[in-house]
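So you can see what is in the structure, the chains are spelled out below.
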Amino acid sequence: MSGAGQADGPAAVRPPTSFARRAMPGRVVFGPGKLDVISEEADLLGALRVLLIAGGSAKPAGDRAAGLLGPLVAARWTEVARHVPADLAARARAECSRVGADAVVSIGGGAATGLAKAIALRLAVPIIAVPTTYAGSEVTPVWGLTESQRKSTGRSEQVLPRTVIYDPLLTTGLPAGVTASSGMNAMAHCVEAVYAPGANPVTTLLALAGAGILARCLPALAADPADLGARSEALYAAYLAGCAMAEAGTGLHHRICHVLGGMYDLPHAELHATLLPYTVACVEARDPAALAPVAAALAGDTAAGALYDLSARLGTATSLRQLGVTPAQAAAAVPRLAEALAPPPDQPAAAPTADQRAAAPTAAEIAALLDHALAGQRPT
């Protein structure tokens, strides 16, 4: 694996004086062709009956995995959906219980991983995750469920996959648009991990390394989608991004995406890619130094401007209008966003971090952010 590009210099992160961190447990198997070891990984977990989740474009990989797992497959589940609707999760849990599965194997993007997590949240079964996009959720303890246009999220190590198999060969068939938007979703994890409440020197190193790699390999994939080396780098960067976010947590950007995505069933990766420059501009406006390391890693004047330029270069949507969001929908989302971003009333006052300053914007600031995102103009 090549280096992290411009994120590697000694000035990228200041030497720590003191910090505390809790590293996420789990086993990672990385490399082209590693799907072939899935049966051995299931044996290591002691799995005897597996529910195999693989739908949509991941079905061919699911077919291969089913052949490799053989009699361990108790049932297959092919229905997945973004934002994990609560009724879908309930039906998948019922099927897992019906067949007596003692493990879940998820193959696909964030929707497949999210469904496996929804099962594990209630049934406490271990997960083997095989990501086919750059979602990063396979190494985080974060779960999400959507019901009545509201997306609820939480953290539990019970949903953290026990084993993750990264096989870059499974990503070579991703369409260019999916590669770009999914890669920018991974970039969002890197960027927010730099200023999120739980950030520490280790997560910042991971995040900046991931950002630097993505800034290099995503344009390479736009030029040559079959470049296996760039595919491997992108998947590696997504892994770093997920690890950083798993510890550091999320902030303004993810909270806004969760509310809008749940309200209007917007495509997850595309929404993250589109909103990222504008949410970052909001953070930079309140604390210009907060994301200076990201700007340096992306060789930009500002982090927001560099992210906008990268999105435009990759051809991802740069305005909410391109995702189908209307001005009326954006206006209707402002009160719910203000509610979601406000700190709990019983939360004690604390020394403000960059994220805390950006996490409680006024309704007017939220409306302005959405207006900028609707217009699609480069943040300045």
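Residues numbered from 1 in each chain as written. Predicted model: local features only at pLDDT ≥ 70, side-chain atom pairs only at ≥ 80, totals over all residues. Heavy atoms only, no water.

Enquirer: Mind showing me how you'd approach the overall build of the protein chain here?
Expert: In terms of helices and strands, the protein chain carries 14 helices and eight strands. For the protein chain, the C-alpha radius of gyration of 20 Å lies close to 21 Å, the compact-globule estimate for 380 residues. In terms of its C-alpha atoms, the protein chain occupies a principal-axis envelope of roughly 55 × 45 × 45 Å. For the protein chain, with 380 residues in total, the buried portion stands at 55%. Summarising the internal contacts of the protein chain: among those between residues at least 6 apart in sequence, 77% fall at separations of at least 24. Per element, the accessible surface of the protein chain, about 15,100 Å² overall, is 56% carbon and sulfur. Distance between charge centroids for the protein chain: 3 Å, based on 28 positive and 30 negative side chains. (Helix = DSSP H or I, 4+ residues; strand = E, 2+ residues; numbered from the N terminus. Rg over C-alpha atoms; globule rule 2.2 N^0.38 Å. Buried < 20%, exposed > 50% of the residue type's maximum accessible area, 1.4 Å probe, protein only. Contact = heavy atoms within 4.5 Å. Areas by Shrake-Rupley, 256 points an atom, 1.4 Å probe, with all protein chains shown as cover. Lys, Arg positive; Asp, Glu negative; His and termini not counted. Charge placed at Lys NZ, Arg CZ, Asp CG, Glu CD.)

Enquirer: Help me understand the nonpolar core in this model?
Expert: The nonpolar side chains of a soluble globular protein tend to be buried, and buried together. Within the largest apolar cluster, 77 residues are counted, with the highest numbers of intra-cluster contacts made by M184, M187, L275, L291, L320 and L370. Apart from residues no more than four positions distant in its own chain, L291 is found in contact with V191, V194, Y195, V280, V283, E284 and A303. Ranked by size, the runner-up nonpolar core spans 24 residues in total, among them I53, A75, A118 and W143. (Core = buried A, V, L, I, M, F, W, Y, C linked by side-chain atoms within 4.5 Å.)

Enquirer: Any chance you could explain helix α9 (residues 268-286) here in plain terms?
Expert: Owing to its 3.6 residues per turn, the α-helix brings residues three or four apart onto one side. Over its 19 residues, α9 runs 26 Å from end to end, which matches the ideal 27 Å to within 8%, given 1.5 Å per residue. Residue L275 marks the point of greatest curvature in α9, where the axis turns by about 45°; the proline P277 follows within four residues. (Expected span 1.5 Å × (residues − 1). Bend = angle between axes of the 7 residues up to and from the residue.)

Enquirer: I keep staring at the packing of helix α8 (residues 252-264) against α9 and nothing clicks. Help me out?
Expert: Closest axis-to-axis distance for the α8/α9 pair is 9 Å, and the angle between their directions is 135°. Here α9 runs oblique to α8, going by the angle between their axes. Here α8 and α9 pass one another in a crossing that is right-handed. Every residue of α9 that contacts α8 at L252, H253, H254, I256, C257, L260 and G261 is listed here: L271, H272, L275, L276, T279, C282 and V283. Broken down by class, the residue content of the contact of α8 with α9 amounts to nine nonpolar, five polar and no charged. (Axes fitted to C-alpha atoms, helices over the stretch in contact; angles between N-to-C directions. Parallel < 35°, antiparallel > 145°, perpendicular 65-115°, else oblique. Left-handed = near helix turned anticlockwise from the far one by under 90°. Nonpolar A, V, L, I, M, F, W, Y, C, P; charged D, E, K, R; others polar.)

Enquirer: Is there a simple way to think about the pattern of salt bridges in this case?
Expert: Where charged atoms from two side chains of opposite charge come close, those side chains can pair. Enumeration according to the criterion identifies eleven salt bridges in this entry. As a salt-bridge pair, D63 and K59 come within 3.4 Å of each other at their nearest N and O atoms. In this pair, D63 and K59 are both assigned in helix α2 (residues 59-69), four residues apart and thus about one turn of the helix distant. Exposure remark for D63: the relative accessible area of 33% places this residue in the partly exposed category. The class for K59 is partly exposed, based on a relative accessible area of 41%. Between R82 and D265 there is a salt bridge, with the nearest N and O atoms lying 3.1 Å from each other. With R82 in the loop between β3 (73-77) and α3 (86-98) and D265 in the loop between α8 and α9, this residue pair connects regions lying 183 residues apart in the sequence. (Salt bridge = Lys/Arg side-chain N within 4 Å of Asp/Glu carboxyl O.)

Enquirer: Where do I start with the packing of aromatic side chains in this structure?
Expert: For any pair of aromatic rings, the description rests on two quantities: the centre-to-centre distance and the angle between the ring planes. Counted under the stated rule, the structure contains three aromatic pairs. With a centroid separation of 5.7 Å and 40° between ring planes, the pair formed by F30 and Y166 is classed as tilted. Here the residue F30 occupies a position in strand β1 (residues 27-30), and Y166 occupies one in strand β8 (residues 163-166), the gap between them amounting to 136 residues. Residue classification places F30 among the partly exposed residues on the basis of a relative accessible area of 26%. (Phe/Tyr/Trp six-rings, centres within 6.5 Å; stacked < 30°, edge-to-face > 60°.)

Enquirer: What is the right way to read the side chain of T279 from this model?
Expert: Considering the arrangement of structural elements, one finds T279 in helix α9. Only 2.9 Å separates the side chain of T279 from the side chain of H253, close enough to count as a polar contact. When residues no more than four places from it in sequence are discounted, the contact partners of T279 are L252, H253, I256 and L369. (Polar contact = N/O pair within 3.5 Å; in protein donor to acceptor, adjacent residues only side chain to side chain.)

Enquirer: What am I meant to see in the packing of helix α5 (residues 176-195) against helix α6 (residues 201-223) here?
Expert: Think of two packed helices as two axes; the pair is described by the angle between the axes and how far apart they sit. Where α5 meets α6, the axes come as close as 8 Å, and the angle between the chain directions of the two elements is 160°. In terms of axis orientation, α5 runs roughly antiparallel to α6. Crossing angle aside, the handedness with which α5 passes α6 is left-handed. Between α5 and α6, the residues in contact are T179, G183, M184, A186, M187, C190, A193 and V194 and T204, A207, L208, G210, A211, L214, A215, L218 and L221, respectively. Its residues assigned to classes, the contact of α5 with α6 comprises 13 nonpolar, four polar and no charged.

Enquirer: How should the confidence of the model for the protein chain be read in this particular structure?
Expert: Should the pLDDT be low somewhere, the predicted coordinates at that spot are not to be read in detail. Residue-level pLDDT values for the protein chain average 89, and 91% of them are 70 or greater. Counted against residues more than four places away or in other chains, residues 1-12, with its pLDDT under 50, gives 24 contacts. Scored below 50 in pLDDT, residues 347-359 shows 22 contacts in the model against residues more than four places distant or in partner chains. (pLDDT = per-residue confidence, 0-100.)

Enquirer: Looking at this structure, how should I read the environment of L170?
Expert: With respect to the secondary-structure elements, L170 resides in the loop between β8 and α5. Along the primary structure L170 and L276 are separated by 106 residues, whereas in three dimensions their C-alpha atoms are 27 Å apart.

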